[in-house]
Amino acid sequence: MQIADKSVVSIHYTLTNAEGNVLDSSNGQEPLAYLHGASNIIPGLENALVGKVVGDSLQVTVEPEEGYGPVRDELVQDVERSAFSGIDDIQIGMQFMAQTPWGEQPVTVIKVEGDNITLDGNHPLAGQTLTFDVEVVEVRSATEEEVEHRHVHGAGGHHH
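Owing to the predicted nature of the structure, the values given are computational and were not obtained by experimental measurement.

**Here's the deal with unusual backbone geometry**
Now for step 1: You will see that Lys 6, though not glycine, has its phi angle at about 70°, which is positive.
Now for step 2: Examined against the element boundaries, Lys 6 turns out to sit in the segment before β1 (7–16).
Now for step 3: Lys 6 gets classed as exposed once you look at its relative accessible area, which sits at 54%.
Now for step 4: Positive phi values are uncommon outside glycine, yet Ser 39 reaches one of about 60°.
Now for step 5: Along the polypeptide, Ser 39 turns up in the loop between β3 (32–35) and α1 (43–49).
Now for step 6: Since its relative accessible area comes to 61%, Ser 39 is described here as exposed.

This is the structure we're talking about:
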């Protein structure tokens, strides 16, 4: 069976950045299962997998526009330390959930200067060219429930 919309796909992958550093990998773990066509993975990788079958291996380079997007300057903001009530020690790299007009947004502390804290709401991989080394290990038709819920159920997927 070829990978197409409404198919459940399981892949093993290794993700590297432009410098060749491994950022993530399924090696030694269960493969990643996703519902193809439901925006469960980044568009550049999903598009490259169309038509592939079990046993296919490929290397996919994904530019930021087809990955986690470009870095958006408007998602970097300075806030007062007083916004972090109950947290005395704020350090670079700490992550928080911020309330935004479109709901909760994860943010990362990127600078601490006195009472001024700089937060970045960009995805950590925004602006990066990414390379995926992928092996397709399973392809099957999605169930009606999986299509309706827009994610995989069962082994390697979501459990209700």
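**Observations concerning the pattern of salt bridges**
Now for step 1: Applying the stated criterion across every chain, the model contains three salt bridges.
Now for step 2: For the salt bridge of Asp 115 with Arg 81, the shortest nitrogen-to-oxygen distance reads 3.6 Å. With Asp 115 in the loop between β7 (103–113) and β8 (116–120) and Arg 81 in the loop between β5 (76–80) and β6 (95–100), this pair connects stretches of sequence that are 34 residues apart.
Now for step 3: According to the relative accessible area criterion, Arg 81 is partly exposed, its value standing at 24%.

**Here we look at the domain arrangement of the protein**
Now for step 1: Assigned domains within the protein: domain 1 (2–68 + 126–149) and domain 2 (73–120).
Now for step 2: The gap between the C-alpha centroids of domain 1 and domain 2 is 31 Å.

**Thoughts on the environment of Met 94**
Now for step 1: In this structure, Met 94 sits in the loop between β5 and β6.
Now for step 2: Under the relative-accessibility criterion, Met 94 is labelled partly exposed at 27%.
Now for step 3: Sequence separation of Met 94 and Arg 72 is 22 residues, and the distance between their C-alpha atoms is 20 Å.

**Some words on the sheet that holds β8**
Now for step 1: One open sheet holds the four strands; their spatial order is β5-β8-β7-β6, and the pairing between them is antiparallel. Two strands bound the open sheet, and with one partner strand each, they are β5 and β6. Shown here is a sheet whose adjacent strand axes are inclined to one another by a mean of 45°, direction ignored.
Now for step 2: Across five bridges, the pairing between β5 and β8 is antiparallel. Opposite Glu 80, over in β8, you have Asn 116 as the bridge partner.

Scoring rules and cut-offs
Residues numbered from 1 in each chain as written. Predicted model: local features only at pLDDT ≥ 70, side-chain atom pairs only at ≥ 80, totals over all residues. Heavy atoms only, no water. Helix = DSSP H or I, 4+ residues; strand = E, 2+ residues; numbered from the N terminus. Buried < 20%, exposed > 50% of the residue type's maximum accessible area, 1.4 Å probe, protein only. Salt bridge = Lys/Arg side-chain N within 4 Å of Asp/Glu carboxyl O. Domains from an automatic or database assignment. Pairing = 2+ DSSP bridges. Axes fitted to C-alpha atoms, helices over the stretch in contact; angles between N-to-C directions.

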